[in-house]
Amino acid sequence: MATLSAWPNPSPNPNSTPNFLSPDHPDLHPNSSSMAPSDQSDHHYVDATSDDDNTTNNINQQNFNFDNPNFPTLLSPPSPIKAPPFSANPNTNNSPASLPTSQPPALLHVSFNQDSGCFAAGTDRGFRIYNCDPFREIFRRDFDRGGGVGTVEMLFRCNILALVGGGPDPQYPVNKVMIWDDHQSRCIGELSFRSEVRGVRLRRDRIVVVLEQKVFVYNFADLKLLHQIETFANPKGLCAVSQSAANLVLVCPGLQKGQVRVEHYASKRTKFIMAHDSRIACFTLTQDGALLATASTKGTLVRVYNAVDGTLLQEVRRGADRADIYSLAFSATAQWLAVSSDKGTVHVFSLKVNSGSPTNDNLRSPSDNNATVAPAGSSLSFIRGVLPRYFSSEWSVAQFRLLEGSQYIVAFGHQKNTVVILGVDGSFYRCQFDPVKGGEMTQLEYHNFLKPEEPF
């Protein structure tokens, strides 16, 4: 799941009216079963009270009992925000006066939820939640003392979110993960560390916290620390988790440059993949954790691996010159892969694999991918292997042009052959591509979510 942290343009502050899930929606019933310790030597399972060299985990006296009828399970209608006393930030102004509404907020963070049906924006005043299709603001929370939120992690459409302070005047310390219950409009728990939190990922049964060189896995029901992993330097907070209830797969940087680590918790297996020669810039998992796509800081090639055995399945080329890859996204069926970068173009590639159990017919050997192939029907295909690798590469099927140099993240829309693009300037695009003809995508919709044209 892609995230961006930035400092772009401001926006006005209309109120909103949300549309929420029903109480019996399957997204709101997590599996709270505990994880059995692994028998592998490189797993390090610890108790929540253990003291790590780099971090200290302080658990607020709040258990998350999903079977408790009083436990909040739905997003709540808008209500006044009051910063909880226990989570007051000593770095913020304790004056009761709020920021003037005439000063628009700045965007600090934007990310999709787990199924890309919604996205969250963190600002220097609070956070906002939006629906993708149809596009609209669902609700916002602007804090009285104007504190910034640098990370907002949704849990599908549940009212529980994970927040981390950010910006020049953070609402919460940047070394804490605050568990926000929007039903109560307050924080009901926290995880505290000795260094800055770089990222957070949520599942219905797990909370994953990413630090510069460590990853911590917690049980969602009681915030018990289950596993901690040491990683290569990870300032971007790169981490991906599967969302299949029966199969928890976690991907994070390994211990070497260009290496990724894949944790299969159901089978208690760890797989290390040397994905690139350069440092890892971005990666993503399919929802079931079967496929992994990676890109390096060079940004020219994207590789797709079997996440179970580490086999290289396919390699596609974004371009010839270096680029910063901001996001990768699989379609729901793993038929397509979308890529966004600082070159101002979103690419959609056709994949020759699927997210089910791979067979001999749809697996490609690493040697096949090192040669790569030209697109079907290409005039170059008959001399494949003769021309340099660049000319025989697999190129994108469809493209959408954006402002070069700006930051965008991409996900596939819920309508067929559509993508949704979010920018740090507040831009929202919904585009459609032709899976047969390819070429330039058609823009279906554009909004600036920081500057809505009319109140929601």
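Residues numbered from 1 in each chain as written. Predicted model: local features only at pLDDT ≥ 70, side-chain atom pairs only at ≥ 80, totals over all residues. Heavy atoms only, no water.

Draft legend 1. Fine view of the pairing of strand β9 (residues 186-192). A large share of β9 lies buried, amounting to six of its seven residues. In this sheet, β9 lies alongside strand β8 (residues 176-181) in antiparallel orientation, the contact comprising six bridges. Each residue of the ladder has a partner; that of Met-178, found in β9, is Glu-190. The turn joining β8 and β9, which pair antiparallel and follow one another in sequence, is formed by four residues; a positive phi near 55° is taken by Ser-185. (Buried < 20%, exposed > 50% of the residue type's maximum accessible area, 1.4 Å probe, protein only. Helix = DSSP H or I, 4+ residues; strand = E, 2+ residues; numbered from the N terminus. Pairing = 2+ DSSP bridges.)

Draft legend 2. How the structure looks around the sheet that holds strand β15 (residues 249-253). As summarised here, the arrangement of the four strands in space is β14-β15-β16-β17, forming an open sheet in which the pairing is antiparallel. With one partner strand each, in any of the chains shown, β14 (240-241) and β17 (269-274) form the two edges of the open sheet.

Draft legend 3. Seen up close, the sheet that holds strand β7 (residues 160-165). Taking strand neighbours across the sheet as the criterion, the four strands line up as β6-β7-β8-β9 in an open arrangement whose pairing is antiparallel. Two strands lie at the open edges of the sheet, namely β6 (149-153) and β9, each paired on one side alone. Ignoring which end each strand starts from, the neighbouring axes of this sheet average 25° apart. (Axes fitted to C-alpha atoms, helices over the stretch in contact; angles between N-to-C directions.)

Draft legend 4. Highlighting the pattern of salt bridges. Applying the stated criterion across every chain yields a total of 15 salt bridges. Here Arg-140 and Glu-137 are joined by a salt bridge, their closest N and O atoms 2.7 Å apart. One exposure class covers both Arg-140 and Glu-137, and it is buried. One network of salt bridges, with partners in common, ties together Glu-196, Arg-198 and Glu-212. (Salt bridge = Lys/Arg side-chain N within 4 Å of Asp/Glu carboxyl O.)

Draft legend 5. Quick look at the packing of aromatic side chains. In this structure the tally under the stated criterion is 17 aromatic pairs. Seen from their ring centres, Phe-127 and Phe-143 are 6.3 Å apart, and the 55° between their planes marks the pair as tilted. In this pair, Phe-127 is assigned in strand β4 (residues 126-131) and Phe-143 in the loop between β5 (136-142) and β6, connecting sequence segments 16 residues apart. On the basis of relative accessibility, which here comes to 0%, the residue Phe-127 falls in the buried class. The residue whose ring lies beneath Arg-204 is Phe-156, and the NZ or CZ to ring-centre distance is 4.1 Å. (Phe/Tyr/Trp six-rings, centres within 6.5 Å; stacked < 30°, edge-to-face > 60°. Lys NZ or Arg CZ within 6 Å of the ring centre and 35° of its normal.)

Draft legend 6. Just unusual backbone geometry, in detail. With an omega of 0°, the peptide bond running from Asp-133 to Pro-134 counts as cis. With respect to the element layout, Pro-134 can be found in the loop between β4 and β5. We note that Phe-156 has phi near 50°; this positive angle belongs to a residue other than glycine. Topologically, Phe-156 is positioned in the loop between β6 and β7.

Draft legend 7. Layout of the confidence of the model for the protein chain. Across the protein chain, the average pLDDT comes to 75, with 67% of residues at or above 70. Long-range and interchain partners of residues 5-100, a stretch whose pLDDT sits below 50, account for 247 contacts in this model, where long-range means more than four residues apart. A low-confidence stretch, residues 357-383 (pLDDT under 50), is modelled with 44 contacts involving residues beyond four sequence positions or located in other chains. (pLDDT = per-residue confidence, 0-100. Contact = heavy atoms within 4.5 Å.)

Draft legend 8. Highlighting the pairing of strand β25 (residues 398-401). In the sheet, strand β24 (residues 345-350) pairs with β25 via four bridges, with the strands oriented antiparallel. Across the sheet, Thr-345 pairs through a bridge with Arg-401, a residue of β25. Here β25 pairs with strand β29 (residues 439-440) via two bridges, running parallel. What sits directly across from Ala-398, in β29, is Gly-439.

Draft legend 9. Looking closely at the nonpolar core. Ranked by size, the top nonpolar core spans 22 residues in total, and within it Val-177, Phe-193, Ile-207 and Val-209 carry the most contacts. Looking at this core, the elements that each hand over two or more residues are β7, β8, β9, β10 (199-202), β11 (206-210) and β12 (214-219). A per-element tally of this core places β7 first, with three residues. The contact partners of Ile-207, leaving out residues within four places of it in the chain, are Ile-179, Leu-191, Val-200, Arg-201, Leu-202, Phe-216, Val-217, Tyr-218, Phe-220 and Leu-223. (Core = buried A, V, L, I, M, F, W, Y, C linked by side-chain atoms within 4.5 Å.)

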